[in-house]
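# Chain and residue survey
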Amino acid sequence: MARIDLSVPFAEKDQAKLLGARWDVKAKTWYVPDGVSAEAFARWMPQLAGFGLEHEPEFHVRAPYYFILQSVTECWKCFCPTRVFSFKLPEEHEQFEFAEEDEDTDFSLDSGLGYWVSHGFRGGLSNVVTLSPSVIKQLRSYTTRYEPDYSQKAGAVYYMNHCQHCSAKLGDFYMHSEPGGAFFPTSPNAASVMTLHLINERFDGNGGVGWASEDFMDFMQLKNA
Ligand SMILES: [Zn+2]
C-alpha cells in the first residue's frame, strides 16, 4: 500500500504529531503510518485539483438531507461479494461554483468569489475528499471500510471502499462510471438489491457529483435511519 504523505505547515506540526503522524527524516515529510486511519489527516492530504483556494467555503457540496447508499460488488482480488457504500444527494443539493474570471470586472479565481448553485437533479457522490464530522459519524454507523486511501488512478487520496474479506481497495471509477457497476444500476432489478439509508441531517462535503438520466432510485429499498 502506498504511503500517504502529508503537507503539514510548520505551525501545525505538533497537532499532526498528536494525531499520530510520523516524520520521515530523509524525505523531510510527515506521513500516516501503517495501521493508522488517514481520516483525521484530511486537511493535510494531497487533494484532487480544484480545491485549496483562499476564501472559499470549506465544503463545496451541501444538502438539507442525504442518503447513504449500500450496494454489493464482487471484489477483484478475492472474488467474494462485499458490501460497498456511497452517498446519494436529493434534488435540493447545492454546489459551490466559482465566478468566471472576467477581465472587465474585479473577479478573479484568487478572490474566491462564487455562488451556490442548485441543478435540480438527484446526484451520486464519488471521489469524496472530505466530509463534515457529523456526516463521518453517520457513515461510521454503517461501515468502517469506506475511508480515505490513496488511489494510483486518481493520483490522490479519497474515500474508498475496501473489501470486507481481504481489505483490497475498491476504487470509485468502475463502480460509479461503468454501466452495471455497484452504484450504476441499469435496470429496476439491479436497483432493487440496493439500500438507501435516509439521513435526516445536513450534508457537507467535497467530492464529484454525477447524475444519470435514469437513476432507478425509486426501485431501491428505502430505510429510515
Ligand atoms: Zn476481497
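Higher on the page you've got the structure.
Reference entry: report on the structure contained in this document.

Conventions adopted
Residues numbered from 1 in each chain as written. Predicted model: local features only at pLDDT ≥ 70, side-chain atom pairs only at ≥ 80, totals over all residues. Heavy atoms only, no water. Helix = DSSP H or I, 4+ residues; strand = E, 2+ residues; numbered from the N terminus. Salt bridge = Lys/Arg side-chain N within 4 Å of Asp/Glu carboxyl O. Buried < 20%, exposed > 50% of the residue type's maximum accessible area, 1.4 Å probe, protein only. Phe/Tyr/Trp six-rings, centres within 6.5 Å; stacked < 30°, edge-to-face > 60°. Lys NZ or Arg CZ within 6 Å of the ring centre and 35° of its normal. Donors = N, O, S within 2.8 Å, 3.2 Å for Na, K, Ca; no water. Tetrahedral: all angles 85-135°; square planar, octahedral: opposite > 155°, others 65-115°.

### Re unusual backbone geometry
For phenylalanine 79, which is not glycine, the phi dihedral falls at a positive 65°. Its location among the elements puts phenylalanine 79 in the loop between strand E5 (66-74) and strand E6 (81-89). Although it is not a glycine, asparagine 127 sits at a positive phi angle of roughly 45°. With respect to the helices and strands, asparagine 127 occurs in strand E9 (residues 123-131).

### Digging into the pattern of salt bridges
Taken as a whole and judged by the stated rule, the model has 9 salt bridges. One salt bridge connects arginine 3 with aspartate 5, and the closest N-O pair in it is separated by 2.9 Å. Take arginine 3: its relative accessible area is 36%, and that puts it in the partly exposed class. Lysine 169 is paired through a salt bridge with aspartate 149; the nearest N and O atoms lie 3.6 Å apart. With lysine 169 in strand E12 (residues 169-170) and aspartate 149 in strand E10 (residues 146-151), this residue pair connects regions lying 20 residues apart in the sequence. Overall, the relative accessible area of 25% leaves lysine 169 in the partly exposed class. Relative accessible area serves as the criterion here: at 4%, aspartate 149 is assigned to the buried category.

### Observations concerning the packing of aromatic side chains
Applying the stated criterion to the full structure yields 11 aromatic pairs. Residues tyrosine 65 and phenylalanine 67 carry aromatic rings whose centres are separated by 6.0 Å and whose planes lie at 80° to one another, so their mutual orientation is edge-to-face. Residue class for tyrosine 65 comes out partly exposed when judged on its relative accessible area of 23%. Classification of phenylalanine 67 as buried rests on a relative accessible area of 10%. Ring pairs connect the aromatic residues Tyr66, Phe87, Tyr146, Tyr159 and Phe203, which therefore count as one cluster. For lysine 13, the ring lying beneath its charged end belongs to phenylalanine 10, and the centroid distance is 4.9 Å. Positioned over the ring face of phenylalanine 173 is lysine 153, at 4.8 Å from the centre of the ring.

### Quick word on the coordination of the zinc ion
Protein coordination at the zinc ion comes from Cys75 (SG), Cys78 (SG), Cys163 (SG) and Cys166 (SG), with a distance range of 2.3 to 2.4 Å. Of note is the zinc ion, whose 4 donor atoms meet at the metal with angles of 105 to 117° in an arrangement that counts as tetrahedral. Donor residues binding the zinc ion come from one chain and are separated in sequence as C-x2-C-x84-C-x2-C. Placement of the pair is cysteine 75 in the loop between E5 and E6 and cysteine 166 in the loop between strand E11 (156-162) and E12, with a sequence separation of 91 residues.

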